[in-house]
Amino acid sequence: MQGQLFLLLPIFFPVVMAFVQYFLRLSAGQRNVLTVVSLAVTAALALIAASMQGASCVLWNMTDQIAVAFRVDEISVLFLALVSIVWACAGLYATEYLEHDASPRRYFLFYLLTLGALMGLCMAKNLVTLYMFYEMMTLLSMPLVLHNLDKEAVAAAIKYLIYSVFGASAALLGIFFVAANAPSFDFSAGGLFAPGAPVDEKLALGIFFVMIVGFGVKAGMFPMHSWLPTAHPVAPASASAVLSGVITKAGVLGIIRVIFYTAGVERLRGTWVQYAFMALTLITVILGSLMAFKEKLFKRRLAYSTVSQVSYVLFGLSTMTTLGFVGALLHVVFHSLIKDTLFMSAGAVIHKTGKTSVEEMTGIGKRMPATMWCFTIASLGLVGIPPTGGFISKWNIAEGAMGLGNAAAWFGPACLLVSAILTAAYLLAVSIRAFFPGEQIAAADCTRCEVGWRMLAPMIFLTALIVVLGMFPTPLIDAFETIAATLF
């Protein structure tokens with residue numbers, strides 16, 4: 001029983017510490033130390049919980065059929081580890097980024113509360129718990145977008161809230177369907193419906209597609225993607241990093257739970273749901289890349305890039321093949337590491353120079369070499385150039401598509417290739433401008449203005465992970481193939 005109750009600690013510890021740091025009269029330094037320690041302890045608790053695979057815990061029973069319950073399965077392990085590590089890195093970064101901010105206490109209050117909601121989301125045992133913590137995550141993360149309290153931030157936060165609530169409501173429709181047709185809400189590899197159960201297949205396919213689209217809103221999937229480029233430019237860079245690297249993955253987690261643990265992959269494979277889902281992901285991949293290519297505002301360019309790159313993950317899932325699934329999980333990891341690094345780098349430039357446009361990056365590599373090298377290496381990873389991590393994830397996704405034996409076998413990888421070329425164009429152009437300003441060097445300010453260690457250390461750490469895990473991906477691949485073996 002004690003081991004089971006331990007699963008509650010990663011959820012409630014950051015919640016308690018959020019209010020402690022908010023209500024105690026602390027200096028800025030004391031608050032930063034308390035926040036970083038809270039994030040580190042939460043990460044340790046999450047990793048310990050991840051090691052307790054198979055453990056479960058019921059928080060309370062709403063009714064005889066509905067319980068708020070948690071369980072650590074293979075997917076929980078991945079998301080617990082990823083969320084806790086990336087959230088801790090972005091939190092350390094934020095302590096320096098917000099040192100002159102008017103309301104750091106409010107920021108860290110909602111930052112820690114959102115982390116608690118994410119921990120519950122990762123370990124959700126059933127659809128009801130998933131929905132509950134998914135909505136909680138939305139409501140608690142909205143103040144991170146709203147943080148600056150100016151007109152643009154308020155508008156972006158309202159848009160984020162409306163889109164997210166709409167998506168979650170679509171998922172709620174599926175919960176009603178499951179309640180009427182399945183023996184339990186608890187996630188099960190292969191689906192919740194008993195073999196031969198009298199289910200209206202046409203209705204079921206429609207419901208599951210609506211659920212996929214609903215969770216796809218948080219993942220930035222077309223046509224409900226526009227909250228991302230609206231929210232990112234107005235949010236603090238530390239918030240943009242986790243919105244892109246972590247919050248979008250909550251949508252991915254929801255889709256994984258729908259396809260593989262609720263509907264069952266065999267029910268969806270070869271149906272119009274699979275092909276419609278695949279079409280939406282490819283449209284998003286190309287659309288996001290094109291919009292990023294033409295965008296001049298630095299953080300909005302990265303936001304459109306997120307729209308495109310998260311749909312790489314969704315495309316891998318839509319193939320409903322082992323290789324595609326493994327590639328999708330690999331890209332969940334590498335995109336989180338890469339995009340956090342990119343947003344942190346952009347935030348560092350804005351923090352030290354006030355420059356927000358790509359055209360203003362001329363010579364910035366001379367002033368902030370460590371920051372821009374992190375940006376460049378992460379960019380190579382997002383393009384998919386070995387030995388960085390993005391290469392191996394995109395390779396597996398493309399291989400998964402090529403095994404389909406239909407038009408998607410060539411059209412999908414072709415879209416990914418076009419997107420990779422566009423990614424190189426819109427990201428590496430920034431690095432070229434930063435390090436090789438050419439004749440404009442005389443006009444560029446070359447005064448060194450590198451950020452402090454609290455902002456630089458997380459960027460360097462994540463950049464190192466991008467390269468090391470890209471060079472030695474076998475442990476990740478083996479772990480994800482083990483997960484796939486239980487689902488296919």
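Going by the structure above, here's the rest.
Predicted, not measured: the structure shown is a model, and the values here were computed from it.

> Describe the overall build of the chain, listing the residues and the values that go with them.
Of the regular secondary structure elements, the chain holds 20 helices and two strands. Relative to its length of 488 residues, the chain is compact, with a C-alpha radius of gyration of 22 Å against a globular reference of 23 Å. Principal axes of the C-alpha set define a box for the chain whose edges measure 75 × 55 × 45 Å. Going through the 488 residues of the chain one by one, you find that 60% of them count as buried.

> Break down a nonpolar patch on the surface for me, with residues and values.
Where nonpolar side chains cluster on the molecular surface, the patch consists of V33, V37 and V41 and spans about 220 Å² of accessible area. Position of V37 relative to the elements: it lies in helix α3 (residues 28-50). For V37, a relative accessible area of 44% gives the class partly exposed.

> Can you tell me about the packing of helix α6 (residues 127-146) against helix α7 (residues 151-181), naming the residues and giving the values?
In the contact formed by α6 and α7, the axes pass within 9 Å of each other and the chain directions differ by 175°. Between α6 and α7, the angle is such that the two are roughly antiparallel. Contacts between α6 and α7 pair L127, V128, Y131, Y134, E135, T138, L139, S141, M142, V145 and L146 from the former with A153, V154, A156, A157, Y160, L161, S164, V165, A168, L172, I175 and V178 from the latter. Of the residues that constitute the contact of α6 with α7, the class distribution is 19 nonpolar, three polar and one charged.

> Before we move on, can you summarise helix α20 (residues 474-487) with the specific residues and values?
Over its 14 residues, α20 runs 20 Å from end to end, which matches the ideal 20 Å to within 8%, given 1.5 Å per residue. Three or more residues of α20 are buried, namely I477, F480, I483, A484 and L487. The buried side chains of α20 occupy one side of the element, clustering within an arc of 125° when seen end-on. Exposed and facing more than 90 degrees away from the buried side of α20 are P475 and A485. Looking at the packing, one finds that the buried side of α20 touches α4 (74-97), α10 (237-263), α11 (265-268), α14 (322-353) and α17 (389-402).

> Give a detailed account of empty space enclosed by the protein, specifying residues and quantitative values.
Enumeration over the complete set of coordinates arrives at one cavity of 30 Å³ or more. Lining the largest cavity we find F79, V83, L118, L121, C122, V246, K249, A250 and L253. Those elements that place two or more of their residues in the lining of the largest cavity are α4, α5 (104-122) and α10. For the lining of the largest cavity, the element with the highest residue contribution is α10, accounting for four residues.

> Now, about the pairing of strand β2 (residues 67-71): what can you tell me, with residues and values included?
Burial runs high along β2: four of the five residues are buried. Pairing of strand β1 (residues 56-61) with β2, which is carried by five bridges, proceeds in the antiparallel orientation. Each residue of the ladder has a partner; that of V58, found in β2, is A69. Counting the residues that bridge the hairpin from β1 to β2 gives five residues.

> So what's going on with the environment of D101? Residues and values would help.
Turning to its location among the elements, D101 is positioned in the loop between α4 and α5. Given a relative accessible area of 25%, D101 falls into the partly exposed group. The sequence separation of D101 and H147 amounts to 46 residues, and the corresponding C-alpha distance is 10.0 Å.

> Go over α3 with me, naming the residues and quoting the values.
Across its 23 residues, α3 extends 33 Å between first and last C-alpha, which sits within 8% of the 33 Å expected from 1.5 Å per residue. Along α3, the residues classified as buried are R31, N32, T35, S38, L39, T42, A43, L45, A46, A49 and A50. Tucked into the core, α3 has its buried residues touching α2 (9-23), α4, α5 and α19 (453-471).

> Could you give an account of the pattern of salt bridges, with specific residues and numbers?
For the structure on display, the rule yields five salt bridges. Notably, a salt bridge pairs R267 with E201, separated by 3.0 Å at the nearest N-O pair. Here R267 is found in helix α11, whereas its partner E201 is found in helix α8 (residues 201-218), with 66 residues between them in sequence. Between E266 and R269 there is a salt bridge, with its nearest N and O atoms 2.7 Å apart. E266 sits in the exposed class, given a relative accessible area of 57%. A relative accessible area of 34% places R269 in the partly exposed class.

> Please set out the environment of V310 residue by residue, giving values where relevant.
In this structure, V310 sits in helix α13 (residues 298-319). Residue V310 is classed as buried on the basis of its relative accessible area of 0%. In this structure the C-alpha to C-alpha distance between V310 and T248, which are 62 residues apart in sequence, comes to 7.5 Å. Excluding residues within four positions of it along the chain, V310 makes contact with A219, T248, K249, V252 and H335.

> Report on the side chain of T371, specifying residues and quantitative values.
Structurally, T371 is set in helix α16 (residues 369-383). A relative accessible area of 0% means that T371 is categorised as buried. Not counting the four nearest positions on each side in its chain, T371 is found in contact with S345, A348, V349, E450, V451, L456 and M459.

Calculation rules
- Residues numbered from 1 in each chain as written.
- Predicted model: local features only at pLDDT ≥ 70, side-chain atom pairs only at ≥ 80, totals over all residues.
- Heavy atoms only, no water.
- Helix = DSSP H or I, 4+ residues; strand = E, 2+ residues; numbered from the N terminus.
- Rg over C-alpha atoms; globule rule 2.2 N^0.38 Å.
- Buried < 20%, exposed > 50% of the residue type's maximum accessible area, 1.4 Å probe, protein only.
- Patch = residues over 30% accessible without salt bridge, like charges linked within 9 Å, V, L, I, M, F, W, Y side chains within 5 Å.
- Areas by Shrake-Rupley, 256 points an atom, 1.4 Å probe, with all protein chains shown as cover.
- Salt bridge = Lys/Arg side-chain N within 4 Å of Asp/Glu carboxyl O.
- Axes fitted to C-alpha atoms, helices over the stretch in contact; angles between N-to-C directions.
- Parallel < 35°, antiparallel > 145°, perpendicular 65-115°, else oblique.
- Contact = heavy atoms within 4.5 Å.
- Nonpolar A, V, L, I, M, F, W, Y, C, P; charged D, E, K, R; others polar.
- Expected span 1.5 Å × (residues − 1).
- Arc of directions from axis to C-beta.
- 1 Å grid on protein atoms, 1.4 Å probe; cavity = no way out; pocket = protein on both sides within 12 Å on 5 of 7 lines; lining within 4 Å.
- Points joined across faces, edges and corners; volume = space filled by probe spheres on them.
- Pairing = 2+ DSSP bridges.

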